[in-house]
Every structure is written in structure tokens, then in C-alpha cells.
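# Architecture and fold: a report
What follows is each chain in one-letter form.
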Amino acid sequence: MDHQQLQQTSTTTQPEMQPEVQPEMQQMLPDVPLNTFPLSELLDRTVQSTYADLLNLAETLPSTQDIERKRQLIEFCFAKRKLFTKLLVLLRLSPRVKDILVGQKAHAFVEGQDFAFARAADDLFAIHNQMRAAKVANFDIRTAVDVLTTGRYQRLPSSIKKRRPSTVTKLQDMIRMRLMCDEVIPIPFRQNMQIDKGCVTFTVQGEFTVSLTIVPNVQPHPWRVVDVQVLSRSIPTGYGGGLAWLQPVQLQTLKNSLQRKLADSGAATWPIVKVYDQLHKFCLMLEFWNAAAGDRHIASFTDWHVAVAYKASPSLPAASEP
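Residues numbered from 1 in each chain as written. Predicted model: local features only at pLDDT ≥ 70, side-chain atom pairs only at ≥ 80, totals over all residues. Heavy atoms only, no water.

In total, this model carries four aromatic pairs according to the counting rule given. Seen in terms of ring centroids, phenylalanine 208 and tyrosine 276 are 6.4 Å apart; in terms of plane orientation they differ by 50 degrees. Their pairing is tilted. Of this pair, phenylalanine 208 sits in strand E3 (residues 208-214) while tyrosine 276 sits in helix H10 (residues 271-299), placing them 68 residues apart in sequence. Taking the relative accessible area as the measure of exposure, phenylalanine 208 reaches 0% and is therefore buried. For tyrosine 276, a relative accessible area of 14% translates into the label buried. (Phe/Tyr/Trp six-rings, centres within 6.5 Å; stacked < 30°, edge-to-face > 60°. Helix = DSSP H or I, 4+ residues; strand = E, 2+ residues; numbered from the N terminus. Buried < 20%, exposed > 50% of the residue type's maximum accessible area, 1.4 Å probe, protein only.)

Here we take up the side chain of arginine 178. Along the polypeptide, arginine 178 turns up in helix H7 (residues 158-181). Taking the relative accessible area as the measure of exposure, arginine 178 reaches 14% and is therefore buried. Polar side-chain contacts of arginine 178 include one of 3.1 Å to the side chain of glutamate 183. Discounting chain neighbours no more than four positions away, the residues touching arginine 178 are Glu183, Ile214, Pro220, His221 and Trp223. (Polar contact = N/O pair within 3.5 Å; in protein donor to acceptor, adjacent residues only side chain to side chain. Contact = heavy atoms within 4.5 Å.)

With that out of the way, let us pick up the nonpolar core. Membership of the largest hydrophobic core comes to 27 residues, with the highest contact counts inside it found for Phe189, Phe202, Phe208, Val210, Leu212, Trp223 and Leu279. At the level of elements, H7, strand E2 (199-204), E3, strand E4 (223-230), helix H9 (248-264) and H10 are the ones that each hand at least two residues to this core. For this core, the element with the highest residue contribution is H10, accounting for seven residues. Those residues in contact with tryptophan 223, other than ones at most four positions away along the chain, are Ile175, Arg178, Leu179, Glu183, Val200, Leu212, Thr213, Ile214, Gln259, Leu262, Pro271 and Ile272. (Core = buried A, V, L, I, M, F, W, Y, C linked by side-chain atoms within 4.5 Å.)

Tallying each qualifying case throughout the model produces eight salt bridges. Residues arginine 71 and glutamate 75 are paired through a salt bridge, measuring 2.7 Å at the closest nitrogen-oxygen approach. With arginine 71 and glutamate 75 both in helix H4 (residues 66-93) and four residues apart, this pair spans about one turn of that helix. A residue is classified by how much of its surface remains accessible, and arginine 71, at 38% relative accessible area, is partly exposed. Here arginine 176 and aspartate 173 are joined by a salt bridge, their closest N and O atoms 3.1 Å apart. Highlighted residues: arginine 176 and aspartate 173, both in helix H7, separated by three residues, approximately one helical turn. Taken together, the shared-partner salt bridges connect Asp66, Arg69 and Lys70 into one network. (Salt bridge = Lys/Arg side-chain N within 4 Å of Asp/Glu carboxyl O.)

Turning to H9, a few remarks are in order. A rise of 1.5 Å per residue sets the reference length of H9, with its 17 residues, at 24 Å; its end C-alpha atoms lie 24 Å apart and thus fit the reference within 8%. Along H9, the residues that are buried comprise Leu251, Leu254, Ser257, Leu258 and Leu262. One side of H9 carries all its buried residues, which in axial view fall inside an arc of 140 degrees. Opposite the packed face of H9, turned more than 90 degrees from it, sit the exposed residues Pro248, Val249, Arg260, Ala263 and Asp264. (Expected span 1.5 Å × (residues − 1). Arc of directions from axis to C-beta.)

What follows is about the side chain of glutamate 207. Mapped onto the elements of the fold, glutamate 207 is located in the loop between E2 and E3. Lysine 281 is the oppositely charged side chain nearest to the buried, salt-bridge-free glutamate 207, at an N-O distance of 12 Å. Discounting residues that sit within four places of it in the chain, glutamate 207 has contacts with Gln229, Val230, Leu231, Ser232, His280 and Cys283. (Lys, Arg positive; Asp, Glu negative; His and termini not counted.)

Here it is in C-alpha cells:
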């Protein structure tokens, strides 16, 4: 390839007018690192490499045979032609370097958008799989209406209703065996104890009534407090009324306190004894408070508080709060 042909090709490949990219679009394109090389240095290295190979070939060809000489010349011509063809392509594309750089940035932008869309699709698919386990079940409106209006659940399947008597009987047998073999029952509880409807009810006359059951599906069958009632009554004031007594919220607090005691105590601490001790101390404390409140109420209307006084004996143990 001579100098005139190279000049002709360079003159015939003038850059075409390309539409300019708007500044707003250029700001959206990412920055791409430029892996460029000076064209003059590339051309100089190509010429020097070709000249060195040509001198080497001129030194080795005289000592080779005619056929080998022709083969080496053809290989040298094809290799250098391929090299200078690549150089010619670079020369033709050099006026369009800016367009090529914009194309590289646009390609990087499209790849980034494609990666973002693919990741968004993967995240949505993962969220879809997670929402299957996190979705809320449909609310049972009919059951809620029955419970709020009638106070009971009336839509149990007939098979459960048929199995209920046998289940209650088995539960009562488990309670009897538990009380006979594994528990220590205080004497006040033994005097009035009744097992019915899957529960055991202990009654201490004039103090309290507590109902317990066991959870058969949990080992080692812990006790569960079903109901607590305080049998002590308020002392009448003599003016057609009485002192304020325990409210349902207070009874529920007492029940929760008993349940915590049963949950904290182990199998070797006799939970039935724990229940009796706590309720008995609570009732004694309540009676003392009731008597003191009655005295204060009566003394507020009379002058008896000058002649009547009371104080706790040091020999009596202090009642602990539940």
C-alpha cells in the first residue's frame, strides 16, 4: 500500500454530519474510563516493527531455497497487509472518536438499566414468595358475630361435639391421677375439692374458690388457672351500703399473678401448695384491710376512735402482696 493510496482513502473518508447529543442526555450517561493510545505512537511502532521484520527477512532469504523464500515473502506480505488494514480502519474512525465515546457511554447506560430491571424483577419475585407466608388469613366474621352476640361459639363441627364428652372424661382422669400421685394437696383444699368439666375446683369457705386444669399437649402437663373468686364479702356500714370490693380487673390481675407463680415454680416446689399459700395470704390481708377500713369508716361518724384502737401483734407474720 503506497503513500498515494493511503492519501486517497483518507481524503475519501470524510466524517459525516452526526446529530449532536443534547446536554441533558449527556448528563444522564455514566462516565466510562478511556483506554486510548496516541495515534502517532501507534503508527511509529507499526512502521518500526515492519521495517525490523523486513531487514530480518532480507538477511535470511539469500540462504534459503526458492520455494521457502517465496513462502516467507507471501506470509510477510499477508501479515503486514492485515496489520496496516487495521491501522487504516483506525485512521478512518479517528475523526469519529467523540461519537464512539458517546456510543460507549450509551452502551454502559443501557447495561446499567438492564441490570437494574433484572434486579428489580428478582426482588419482586422474592417478595412475592415471602408474602405467601406473611399474608393475613381471612377474618371469620360469622364466628365474631356469634361470640359478641351470644357469648359462645356455636359452629363447632358435629364430630368435635361427639368427641367432647370422652375428651373431658380423659382429662378428668389425668387430673385425678396427678392429684393422687404427684401433688401435695393442703388440708383446706382436701375438705372441699370437686373435679368436673375438665377442671378441679378447690374451695376454702369464707376465703376463695380457684379452678385449675392441666394442659395435656405440653410436657410435663403444667397447671393452668381457669377461674378465681374471692368469697370474702364487704362489711356493711349500717347505713344501707357497704365498702368497695374487688373489681373484675383486680380479679384478673390476681389470676395472672397466680399463673406466673405456677409458671415460675418447678415440679419439686408443689404448685398446689403455692396456689393455696398465695391466695390464703391475700385473703387474710384483704380481711385486715377490710376491718381497718370499716373502723375508719365508723370512726369518721362517731367519737369511738378515742376509746377504741388496734395494732398488729408482733407474733403474727406480715401478709405479702401477690
